[in-house]
Amino acid sequence: MSTTVTGRTQEPTPVKREPDRPPSVPTWRRKARPYLLSIPAVLIIAGILYPFILGSYYSVLNYSAINPLPSFVGFDNFSRVLSDSRFWGSVRVTLVYAVVATTVEMVLGIGIALLLNRASRIGKLFERVLILPLMVAPVIAGVIWGLMYNPQFGVINHIFGLGSTFNWLSTDMALWSVILVDVWIFTPFVAILVLAGIRSLPKEPFEASEVDGAGWFYMFRRLMLPMIWPYILVAVIFRFMDCLKIFDHVYVLTAGGPGAVTRTLQIGAYEDSIINLNYSQGSTYMFLLWVLVFITARYLVSVLGKAQRRAAGAEG
Amino acid sequence: MVKELLPGRRRFTAGSVLADIALVAWFAFALFPILWMVLLALKTPAEQTSTYFVFSPTLENFAIVLSDRGTALTSVDFTSTLITSVISCAGAVLVSLVIGVPAAYAAGRWKYRGSNDVMFTILSFRFAPELMVIVPLFVIYHQIGLFDTRVGMIWVLQLVTMPLVVWILRSYFQDLPEDLEQAALLDGYTRRRAFVMVALPLVRPGIAAAALLAFIFAWNNYVFALILTGNEASTVTVAITKFLGGGGQAYYNLTAAAAVIAALPPLILALSIQRYLVRGLSFGAVKA
């Protein structure tokens, strides 16, 4: 900067105007830079996109182990799957699972976050171990809970004196039992996110409304909840989306049974594709699940966007 | 009562005692399965179906699981699956870092046309149903010889690690004041040198956290190894379920020992990066 302003003490015009460009770098390279940096990542994704497209393509073929030279059958798979009560059973199981698990985890997670936020001595101690269940692989959690649920030697029946006749993975109970495992694994996830949200809040509004004599529930509902809403929504999105495609611990615990009471969409697809080697039918399941996930994701993310903008606006 | 909402102000009241009781109840529920798994892993075969809490513990199960004896008993070579898990997870994280860090930098530093689409596409793989891509990959892997190989596992675990690395690091790069790099540019650094010498060292904690979290997620993955590997490149999560046996003798205490071993790396890593966990778990979707 060779400004020759004299007689004034102001700073010279900042050099920041073209911050990105040391004189020697031409504009096109500067513009291309972010693209160049992203290309490898995009290529990797494109590499995954290929099997994804291939999978979608399978759903319009009659491709299976006994039919290794598939032909195009249009939407036959879709009409067959959509008129199959087993498919709708899987949809029902998946939705019940996702709604119940997400709801319970949100309620418990928010409650635990509020309790931990009180910073009691017990709370400080527990906060450190809060994440432990979350870090146990869901399939290992499935194995542990399977041993604990066992009617003959399971510790749960022993502790609660239920005897060996009470079967946690029976037709009536299995869905609730696998949801309980989900709650065990993922409630800490909700609690951590919400706790982070609460910790990021300013103190002043609470002190002000305390002076005004507001009760804690009023403050929670009118002050805290709106401000941590984006955090709650993020937790809802992650939990609900993951529940729609749940597989690991459910498969280990019940493999979709007894009958089909825990046959979620991914387990149904696994049965069709990998066990029965009917690739087309499995892919049709997955394609429909993907559509469900995609629509839900777009909706929830748009809700989140609005909430985040509102929160940002409220702060500013 | 109002004070309960704010940290650092606390009195002994009926409410606070109830709150502590509720917390203890949750943590009893949350920690019991882990405690039970450890206890079971320390029991002898004769005690494996017992529900005792007091017994004389033995480390025998761990020794069996990790030795040839376990392999002979259960036909699961657990040590080899451990090695596979380490190699394929570390490999996936390494590749994700090499490829993901520049992409995260680009996304965090510049707003370019299509940047949001690229980022959303990367994130959408977090929510894609795994089987959608695995079924075709199952067919492709058989055709090109990647089935049941560690290279095949590294490639597919990218699906887990890449979105994580890119999204977490993007928010770190966004938080980094651009002035620092501009100062370096003014000193005559090239953009690349400014990135390597200035930006990269400053986000090193973020890179470490992202890498460890990505490693944990890859380690805990089950579906990919279940479908895309056989006996050669199987991972620990798949191996554990094999201990439960199908039809034959089940070795519950060995299963528990294997589960403890397999859960240790993620637990230790998670405790070591606890400070960074929220940003990681939410993939930068909320700033924390």
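Residues numbered from 1 in each chain as written. Chains lettered and ligands numbered in written order. Predicted model: local features only at pLDDT ≥ 70, side-chain atom pairs only at ≥ 80, totals over all residues. Heavy atoms only, no water.

Peer 1: Looking at this structure, how should I read helix 12 (residues 236-243) of chain B?
Peer 2: Residue pairs three or four apart in sequence face the same way in an α-helix, which turns once every 3.6 residues. Most of helix 12 of chain B is tucked away: seven of the eight residues are buried. Every buried residue of helix 12 of chain B is listed here: V236(B), T237(B), V238(B), A239(B), I240(B), T241(B) and F243(B). (Buried < 20%, exposed > 50% of the residue type's maximum accessible area, 1.4 Å probe, protein only. Helix = DSSP H or I, 4+ residues; strand = E, 2+ residues; numbered from the N terminus.)

Peer 1: Explain the layout of surface pockets here, please?
Peer 2: To locate leftover empty space, one rolls a probe as large as a water molecule over the atoms. Within this model, the largest pocket holds a volume of roughly 1200 Å³. Contributing to the lining of the largest pocket are 45 residues, with L304(A), G305(A), Q308(A), G284(B) and A285(B) lying nearest its centre. Of all elements in the fold, only helix 10 (216-244) and helix 13 (279-315) of chain A together with helix 4 (78-109), helix 5 (115-127) and helix 7 (150-175) of chain B reach the threshold of two or more residues within the lining of the largest pocket. The residue makeup of the lining of the largest pocket, split by class, is 25 nonpolar, 11 polar and nine charged. (1 Å grid on protein atoms, 1.4 Å probe; cavity = no way out; pocket = protein on both sides within 12 Å on 5 of 7 lines; lining within 4 Å. Points joined across faces, edges and corners; volume = space filled by probe spheres on them. Nonpolar A, V, L, I, M, F, W, Y, C, P; charged D, E, K, R; others polar.)

Peer 1: Got a minute to help me understand the nonpolar core in this structure?
Peer 2: Most often, soluble globular proteins have nonpolar side chains that are buried together. Counting residues in each nonpolar core, the largest one holds 207 residues, and the members touching the most others are Y97(A), I140(A), F78(B), L169(B), F173(B) and I227(B). Three or more residues apiece are contributed to this core by two domains, here domain 1 (14-57) and domain 2 (69-285) of chain B. The contacts of L169(B), once residues within four sequence positions are left out, are V101(B), A104(B), G206(B), I207(B) and A210(B). (Core = buried A, V, L, I, M, F, W, Y, C linked by side-chain atoms within 4.5 Å. Domains from an automatic or database assignment. Contact = heavy atoms within 4.5 Å.)

Peer 1: Would you take a moment to explain the domain arrangement of chain B for this structure?
Peer 2: Where interface size is quoted, it is often the accessible area lost as the parts come together. Residues and elements named next belong to chain B. For chain B, the assigned domains are domain 1 (14-57) and domain 2 (69-285). Summarising the inter-unit geometry, the C-alpha centres of domain 1 and domain 2 are found 31 Å apart. Facing the nine residues of domain 1 at the interface are 10 residues of domain 2. Looking at the side of domain 1 facing domain 2, the largest losses of area belong to M37, A41 and Q48, adding up to 65% of the total buried there. Linking domain 1 with domain 2 are zero salt bridges. Across the contact surface, domain 1 and domain 2 share one residue pair in polar contact (both at pLDDT 80 or more). The residue inventory of the side of domain 1 that touches domain 2, partitioned by class, reads five nonpolar, three polar and one charged. (Buried area = accessible area lost by both parts, 1.4 Å probe. Salt bridge = Lys/Arg side-chain N within 4 Å of Asp/Glu carboxyl O. Polar contact = N/O pair within 3.5 Å; in protein donor to acceptor, adjacent residues only side chain to side chain.)

Peer 1: Could you clarify how one ought to interpret the UniProt feature "transmembrane region" (unreviewed entry) in chain A in this entry?
Peer 2: Residue and element names in this part refer to chain A. Feature annotation in UniProt places "transmembrane region" (unreviewed entry) on residues 35-53, 95-117, 129-148, 173-196, 223-241 and 282-301, given in this structure's numbering. Taken end to end, residues 35-53 has its terminal C-alpha atoms 24 Å apart, with 100% of it in helix and 0% in strand. Taken end to end, residues 95-117 comprises 100% helix and 0% strand; its first and last C-alpha atoms sit 32 Å apart. (UniProt positions renumbered as here; feature names shortened; annotations may be inferred.)

Peer 1: Help me understand the UniProt feature "transmembrane region" (unreviewed entry) in chain B in this model?
Peer 2: Residues and elements named next belong to chain B. The UniProt record annotates "transmembrane region" (unreviewed entry) at residues 21-42, 82-106, 118-141, 153-173, 194-219 and 250-273. For residues 21-42, the end-to-end C-alpha separation is 30 Å, with 95% helix and 0% strand making up the annotated structure. The distance separating the terminal C-alpha atoms of residues 194-219 is 34 Å; by composition the span is 96% helix and 0% strand.

Peer 1: Is there a simple way to explain the packing of aromatic side chains in this structure?
Peer 2: What characterises a pair of aromatic rings is the spacing of the ring centres plus the angle enclosed by the ring planes. Scanning the entire structure with this criterion turns up 35 aromatic pairs over all chains. Where F78(B) meets F243(B), the ring centres are 5.8 Å apart and the plane angle is 70°; that geometry is what we call edge-to-face. Linking F78(B) in helix 4 with F243(B) in helix 12, this pair joins segments that are 165 residues apart in sequence. In terms of burial, F78(B) and F243(B) fall into one category: buried. Counting every residue linked through ring pairs, the aromatic cluster contains W145(A), Y149(A), F166(A), W168(A), W184(A), W26(B) and F29(B). (Phe/Tyr/Trp six-rings, centres within 6.5 Å; stacked < 30°, edge-to-face > 60°.)

Peer 1: Looking at this structure, I do not really get empty space enclosed by the protein. What am I missing?
Peer 2: Throughout the structure, instances matching the rule amount to six cavities of 30 Å³ or more. As a volume, the largest cavity reaches approximately 720 Å³. Around the largest cavity sit 32 residues that line it, and D242(A), K245(A), R126(B), E130(B) and F217(B) are the ones nearest its centre. Considered class by class, the residues forming the lining of the largest cavity number 22 nonpolar, four polar and six charged. In this structure, the second largest cavity encloses a volume near 70 Å³.

Peer 1: I tried to follow the interface of chain A and chain B on my own but got confused; where do I start?
Peer 2: Residue-level contacts link 109 residues of chain A with 96 residues of chain B. Of the roughly 9300 Å² buried where chain A meets chain B, counting both sides, 79% is carbon and sulfur surface. When the buried surface of chain A facing chain B is broken down by residue, I48(A), R118(A) and M135(A) rank first, second and third, together holding 9% of it. Connecting chain A to chain B are two salt bridges. With a shortest N-O distance of 3.5 Å, E130(B) and K245(A) are connected by a salt bridge. At the surface where chain A touches chain B, the tally comes to six residue pairs in polar contact (both at pLDDT 80 or more). No other element matches the 20 residues that helix 1 (residues 27-58) of chain A contributes to the side of chain A that touches chain B.

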